[in-house]
Every structure is written in C-alpha cells, then in structure tokens.
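Inside the fold
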Amino acid sequence: MNGAPGPNAGATGLQAERTQLAWVRMALAAGALAAVTTRLAGGGPSLVLAVVFGLVVAAPGFAAAMVRIHALQRQPVPRAAAPWTVGLLAGSLALADALALALLVG
Amino acid sequence: MGIPPGPSTACQATTVPSDEGERDPDFPDYRFTLANERTFLAWMRTSLALLAGGIALRQVVPSFEIAHVRTTLAVVAVVLSLVLAVASYVRWNQIERAMRLGEPLPHPLAVPVLATVIAAVAGTVAVVLLVR
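Residues numbered from 1 in each chain as written. Chains lettered and ligands numbered in written order. Predicted model: local features only at pLDDT ≥ 70, side-chain atom pairs only at ≥ 80, totals over all residues. Heavy atoms only, no water.

**Describing helix α3 (residues 83–105) of chain A**
The following threshold applies: Helix and strand definitions follow DSSP, with helices as H or I runs of at least four residues and strands as E runs of at least two, each counted in order from the N terminus. Expected helix span is taken as 1.5 Å per residue step, with the number of steps being one fewer than the number of residues. Classification of residues uses two cut-offs on accessible area relative to the type maximum, computed with a 1.4 Å probe and protein chains only: under 20% is buried, over 50% is exposed, and between them is partly exposed.
Relative to the 33 Å expected for 23 residues at 1.5 Å per residue, α3(A) spans 32 Å between its end C-alpha atoms, a close match to the ideal helical length. Every buried residue of α3(A) is accounted for by T85(A), V86(A), L89(A), A90(A), S92(A), L93(A), A94(A), A96(A), D97(A), A100(A), L101(A) and L104(A).

Put into structure tokens, the structure is as follows:
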C-alpha cells in the first residue's frame, strides 16, 4: 500500500457501503414493523403475542445485519454473504409470516 | 440496434482487479455478488411490506360490507409475503451458484407472481369500495 488511489479507488467502498445501507434499511424496516405491531396490540395476551412477533421479526434481522455489516467493513474485497446470515433473515421473516397467518386465521 | 450485454453475461467474466490488485478466479466479481445481496434485501423488504400491509388491513382498516373480504385480503398478503421470503432465499442461492459456475442467471419467476397477486388484491379492493 503506497497510499496512492488506484483506478478503482472508492468503487469497492461504494459498493460495500450501498450494501451496508441496504442491510440498515432492512433492519430498520423490521424494527418499525415490530414497533407498529406492538403499538397496535391491546393489553394482555395480545400484547405478549405482539412482542413475540416483533422479536421474531426484528431480532434475527438486526443480528444478521450487524454480522454482515461488520464483515463488509473488515474485508478489503467484499465476499458473498454467508448463507446462514441470508437464511436467518429469510427464515425469521417466514416464521413471522407463519405466526401472522396463524393469528389471522385462528 | 444491438442490446449491450447485461449482467447475466457480464457476471460470467469472473473478477475485476480490486484496489489491492487481488484476483480470485474461484469467486465471482464482488460487484455482482453485492448486487445479488442487495436484490435479496429488496425482496425481503417487499416481503416485510406485504406482511405489514396484511396486518394493517386486518387491524387498522374498517370492515368491508362484504363479509370476510378484509380477512381474506390480509391472508393473501401474508401468504404472498411468506412465499416471497422463501423464494428470495432460494433465488439468492441460485444466482450465487450460477455466478460461480458461469451459468446464465435463472429467470425471476417471483416478479410476475407478485405483480399478478397485487393487481388482484388492488382490483378486489376497488370493487369492494365501488359496491359500498
């Protein structure tokens, strides 16, 4: 490293930065949905269900986003996301969908 | 008028030099990998929006005059959200694999499904509102 910018200087950073921002938007959207669901719930059992639903939606999304953002910041050349981070996000959302379906139909 | 080569052909030329001058022929160009990841995240946000829409339809929107329409539309939105959540992971995986092997990218089947179901839901809501 001589400190001089190469022909692709900044390109890697911008690609990684856009991807990190996409993860942040995803985590924010999951958190917002969890907050709104909890707000819409009344008291008692429905509030407990809403909190569980919110945790299922938001917590894995936040965890996956943090892991991926941290990895992107460490790697000089970005690599593909680990399948478990992508799977964790998709799986938690699928689980939240199933929970919402059970609540809607039941 | 020739069509310039799209990502499906460009991604097969595996790597570009990074700032550090690294090349790894076993991995696809990071730009395509990250683009695939952002597309996956966009699908996840779409899925989240459908889930939120389904919940809002059931919890916030007043009941329609035709019985069970509101609940049915909410269930359709949540089922579509579930399908998209699973399909987006499968598609991310398929695209990663195709890029590593230099194969053509798989056709996006979820786009016409999503457009059709959303059009059907919107049409149903429009009819119900007109009948009111």
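**Some words on the interface of chain B and chain A**
The following threshold applies: Two residues form a contact once any of their heavy atoms are found within 4.5 Å. The term buried area denotes the loss of accessible surface (1.4 Å probe radius) that occurs when two parts are joined, taken as the sum for both partners. Each salt bridge in this description consists of a side-chain nitrogen of Lys or Arg and a carboxyl oxygen of Asp or Glu lying within 4 Å of one another. Distance and chemistry together define a polar contact, namely a pair of N or O atoms within 3.5 Å, with one atom able to donate a hydrogen and the other to accept it when in protein, and with adjacent residues in sequence counting only for side-chain atoms on both sides. Residue polarity is assigned by list, with Asp, Glu, Lys and Arg as charged and Ala, Val, Leu, Ile, Met, Phe, Trp, Tyr, Cys and Pro as nonpolar; anything else, Gly included, falls into the polar class.
Across the contact, 38 residues belong to chain B and 41 residues belong to chain A. Carbon and sulfur atoms supply 73% of the area buried between chain B and chain A, which totals about 3,400 Å² over both sides. Its largest share of buried area at the contact with chain A, chain B owes to Y30(B), R38(B) and L48(B), together 18% of the area lost on that side. The interface formed by chain B and chain A contains 1 salt bridge. Put simply, E37(B) and R68(A) hold a salt bridge, and the shortest N to O gap is 2.7 Å. The interface formed by chain B and chain A contains 6 residue pairs in polar contact (both at pLDDT 80 or more). Elements represented by at least two residues in the side of chain B that touches chain A include exactly α2 (30–59) and α3 (69–101) of chain B. Ranked by residue count, the leading element in the side of chain B that touches chain A is α2(B), at 17 residues. Tallied by class, residues from the side of chain B that touches chain A come to 21 nonpolar, 6 polar and 11 charged.

**Description of the confidence of the model for chain A**
We count it as follows: Confidence of the predictor at the level of single residues is captured by pLDDT, which takes values from 0 to 100.
Averaged over chain A, the pLDDT score is 86; the fraction of residues at 70 or greater is 88%. When mean pLDDT is compared element by element in chain A, α3(A) scores highest at 93, while helix α1 (residues 11–40) of chain A scores lowest at 89.

**Looking at the pattern of salt bridges**
Residues and elements named next belong to chain B. This structure, assessed with the given rule, holds 2 salt bridges over all chains. D29 serves as the salt-bridge partner of R31, at 2.8 Å between the closest nitrogen and oxygen. Overall, the relative accessible area of 2% leaves D29 in the buried class.

**Focus on empty space enclosed by the protein**
The rolling of a water-molecule-sized probe over the atoms marks out the regions of remaining empty space. Residues and elements named next belong to chain B. Convention followed: Grid points spaced at 1 Å and placed over the protein atoms alone form the basis of the search, with a cavity being a set where a 1.4 Å probe fits but cannot get out and a pocket an open set showing protein on both sides within 12 Å along at least five of seven lines. Lining residues have an atom within 4 Å of a point. Grid points are joined across faces, edges and corners, and a volume is the space filled by probe spheres set on the points.
Applying the stated criterion to the full structure yields 2 cavities of 30 Å³ or more. When its volume is computed, the largest cavity comes out at roughly 40 Å³. Lining the largest cavity, in full, are N36, T39, F40, W43, S88, R91, W92 and I95. Listing elements by their share of the lining of the largest cavity, those giving two or more residues are α2 and α3.

**Remarks on the layout of surface pockets**
Of the pockets and cavities examined, the largest pocket occupies roughly 350 Å³. Forming the walls of the largest pocket are 16 residues, and the residues nearest its centre are T37(A), S46(A), L103(A), I55(B) and Q59(B). Looking at the lining of the largest pocket residue by residue, the class counts come to 9 nonpolar, 6 polar and 1 charged.

**What to know about the nonpolar core**
Quick note on the threshold: Working definition of a nonpolar core: buried Ala, Val, Leu, Ile, Met, Phe, Trp, Tyr and Cys residues. They are joined through side-chain atoms within 4.5 Å.
Grouped together as the largest cluster of nonpolar side chains are 37 residues, with contacts concentrated most on V57(A), F40(B) and L51(B). Looking at this core, the elements with two or more residues in it are α1, α2 (45–74) and α3 of chain A together with α2 and α3 of chain B. The contact partners of F40(B), leaving out residues within four places of it in the chain, are V86(A), L89(A), A90(A), S88(B), Y89(B) and W92(B). The next biggest cluster of nonpolar side chains, apart from the first, holds 6 residues, and it includes L50(B), L80(B), L84(B) and L114(B).

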